[in-house]
Amino acid sequence: MALMVERARRLGWILLKAVLRFSFMVINNLVAIPSYVLYLIVLQPVRLMDSDTFWYIEGVMFKWLLAMVSSWGWAAGYTVMEWGDDVRPISEDAAVVIANHQATGDVCTLMMCLQDKGTVVRKMMWLMDHVFKYTNFGLVSLIHGDFFIRQGKPHRDKQLILLKDHLDKYYHSRDRKWIVLFPEGGFLRKRRETSQSFSKKNNLPFLKHVTLPRMGATEVILKSLGPQQENGSLAAGDATRSASKSRGLQWVIDITIAYTKAKPMDIQTWILAYRSPTVTHVHYRIYPIKDVPIETEPLTNWLYQRFVEKEELLAHFYETGAFPPPKGQKEAVSKEMTLDPVWLFLIQSLAFASGYMWYNILQYFYYVFF
């Protein structure tokens, strides 16, 4: 009987916490997102006179919005442990980020772990499934210049053309640096069987923890944003920052996301926090753009090899609870990514103050004109 009472009490607390968190996040969205949009409407004259300043301001607010989403998980005890290469020294360089995709929580995880990487979040561009366009954050991503891609063979060719046009129009003009995509083209649980069947038919590696990546978007990005080709690969050029900007992409950053006990986190968990506090592990590996082939077949082989390496990393992690050490080292080093609670509090306070301000402004105009 006592055990049943304890279980009922625990379930009641989980439900109460979920309701309170969901209510807070609804209010958070209702004050933060309209404020973001209204600030940008008011700043349209700045966009006409000095577009660089406008997109700088927009990027700062975009980072703040992503920090709010990060705070939802962080407050529930969902933290990130980072492994592998240190990406901070290249945070100002142009790079394409390729990550494995297990659940909707992958996006939230990246929102969190990139917060302390300089201007990355402010200047990043996301490639995401078109369904995200219809979420609460869709309008923000649309304004920021992210690209919504429609999956499926019937749409593939047209989507790649639209992606190239989008990159040509927005990537340089808005001073974007990191462009993030999930080459697998869907969640692991949805694509694994199809990928394994394709691998078996074509004598390709059999993968359990990731799926074979799709090439279209990656190839378009590398060809559109990469530097001039040299012998079938992307050139690196000299190291001056001004030259770096004109050459385009400088790095490929391979991110592998691993969840404790191989249980991916979805966005519902991130919002409602019905799972106990847990650590998500993120592994970085950096490749200079000069090492990346650009022709279709070599690029396909190169990208397949990256996902074979992801498979090995994840298999080792799920067996040992840690990623393997880099070559030449005996032990892998990890670092906990932390968020500053004071900074998060100030951002949230600014969001609610802005919402209150815009409510009063709109109410005033409503009474004046109606």
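Our subject is the structure that appears above.
Residues numbered from 1 in each chain as written. Predicted model: local features only at pLDDT ≥ 70, side-chain atom pairs only at ≥ 80, totals over all residues. Heavy atoms only, no water.

A.B. asks: Can you break down the packing of helix α7 (residues 156-170) against helix α9 (residues 216-225) residue by residue, with the values?
C.D. replies: Where α7 contacts α9, the two axes come as close as 10 Å, and the packing angle between them is 30°. Taken together, the axes of α7 and α9 lie roughly parallel to each other. Crossing of α7 over α9 shows right-handed handedness. Counting all contacts with α7, which are made through L160, L163, K164 and L167, the residues of α9 involved are G216, A217, V220, I221, S224 and L225. (Axes fitted to C-alpha atoms, helices over the stretch in contact; angles between N-to-C directions. Helix = DSSP H or I, 4+ residues; strand = E, 2+ residues; numbered from the N terminus. Parallel < 35°, antiparallel > 145°, perpendicular 65-115°, else oblique. Left-handed = near helix turned anticlockwise from the far one by under 90°. Contact = heavy atoms within 4.5 Å.)

A.B. asks: Tell me about the layout of surface pockets, residues and numbers included.
C.D. replies: If you roll a probe as big as a water molecule over the atoms, it shows you where there is empty space left. The calculated volume of the second largest pocket comes to roughly 280 Å³. Lining the second largest pocket we find G84, D85, H283, Y284, R285, E309, E312, L313, P324, P325, P326 and K327. Split into classes, the residues belonging to the lining of the second largest pocket amount to 5 nonpolar, 2 polar and 5 charged. (1 Å grid on protein atoms, 1.4 Å probe; cavity = no way out; pocket = protein on both sides within 12 Å on 5 of 7 lines; lining within 4 Å. Points joined across faces, edges and corners; volume = space filled by probe spheres on them. Nonpolar A, V, L, I, M, F, W, Y, C, P; charged D, E, K, R; others polar.)

A.B. asks: Before we move on, could you go through a nonpolar patch on the surface and cite the residues and values that matter?
C.D. replies: Among the surface-exposed residues, Y364, F365, Y366, Y367, V368, F369 and F370 lie close enough to one another that they form a single nonpolar patch of about 930 Å² accessible area. Here F370 is to be found in the segment after α13 (341-369). (Patch = residues over 30% accessible without salt bridge, like charges linked within 9 Å, V, L, I, M, F, W, Y side chains within 5 Å. Areas by Shrake-Rupley, 256 points an atom, 1.4 Å probe, with all protein chains shown as cover. Salt bridge = Lys/Arg side-chain N within 4 Å of Asp/Glu carboxyl O.)

A.B. asks: How would you summarise the environment of M125 if you had to cite specific residues and measurements?
C.D. replies: The topology assignment puts M125 in strand β3 (residues 125-129). Judged by relative accessible area, M125 falls into the buried class, the value being 1%. In the structure, M125 is positioned 104 residues away from R21 in sequence and 28 Å away in space, judged by C-alpha atoms. Beyond its immediate stretch of four places on either side in the chain, M125 contacts G145, D146, H166, L167, Y170, Y171, R176, W178, I179 and V180. (Buried < 20%, exposed > 50% of the residue type's maximum accessible area, 1.4 Å probe, protein only.)

Shape is all these values report; function is a separate question.
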